[in-house]
Amino acid sequence: MSNKTPWMVALAIFITGAAVGVLGLEALRMSHGWPFSTPRPMDIKSAILEHMSRDLGLSAEQKQHIEPLLGEMLEQSRQARLPSMAAEEAVIDAYQAKIREQLTPEQALKHDALLARIREHRKNMPFPGGPPPDAPPPPGGFLFFGPPPLPDNGPPPP
């Protein structure tokens, strides 16, 4: 038995455990219908309506009346967030200017580039306006399993 054999056995056990853990977690996620990512903002209204329909047993007529109400609710929520987001940006800008005063010219250039990347990232975040229309959908699956199945909770209780 060479000196490498125990290490090779330990490595094989570790890799096997990692693979079993990943596949087991994915199986658990799929069996419970847990999403791997959040729905796109454009789909939030339909996701809420789908959950309400499944949990409450909504009729087609009820869905037809509730869907525009959900759209109005989400838009008003977005509008309500905008002033606080603008105030937050003002606070961040004020403190970033104070921080910049403490930096060397080289550090200030790097700091400006970092802030530009952060602002670009924040623009692409799902709220308040959602991702750009041409943005690809978020990943729904993991490895080769694809998106999780929708849970079937059966008919609503009486």
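The following refers to the structure shown. (Residues numbered from 1 in each chain as written. Predicted model: local features only at pLDDT ≥ 70, side-chain atom pairs only at ≥ 80, totals over all residues. Heavy atoms only, no water.)

Interhelical geometry of helix α3 (residues 60–101) versus helix α4 (residues 105–123) gives an angle of 165° and a closest axis separation of 11 Å. On the basis of the axis angle, α3 is roughly antiparallel to α4. For the element pair α3 and α4, the recorded crossing hand is right-handed. Taken together, the residues of α4 that come into contact with α3 (itself represented by E88, E89, I92, D93, Q96, I99 and R100) are A108, H111, D112, L115, R119 and R122. Residue composition of the contact of α3 with α4, by class: four nonpolar, two polar and seven charged. (Axes fitted to C-alpha atoms, helices over the stretch in contact; angles between N-to-C directions. Helix = DSSP H or I, 4+ residues; strand = E, 2+ residues; numbered from the N terminus. Parallel < 35°, antiparallel > 145°, perpendicular 65-115°, else oblique. Left-handed = near helix turned anticlockwise from the far one by under 90°. Contact = heavy atoms within 4.5 Å. Nonpolar A, V, L, I, M, F, W, Y, C, P; charged D, E, K, R; others polar.)

On the surface, a nonpolar cluster with roughly 450 Å² of combined accessible area is contributed by M8, L11, F14 and I15. Residue M8 is classed as exposed on the basis of its relative accessible area, which comes to 53%. (Patch = residues over 30% accessible without salt bridge, like charges linked within 9 Å, V, L, I, M, F, W, Y side chains within 5 Å. Areas by Shrake-Rupley, 256 points an atom, 1.4 Å probe, with all protein chains shown as cover. Salt bridge = Lys/Arg side-chain N within 4 Å of Asp/Glu carboxyl O. Buried < 20%, exposed > 50% of the residue type's maximum accessible area, 1.4 Å probe, protein only.)

These figures capture arrangement, not role.
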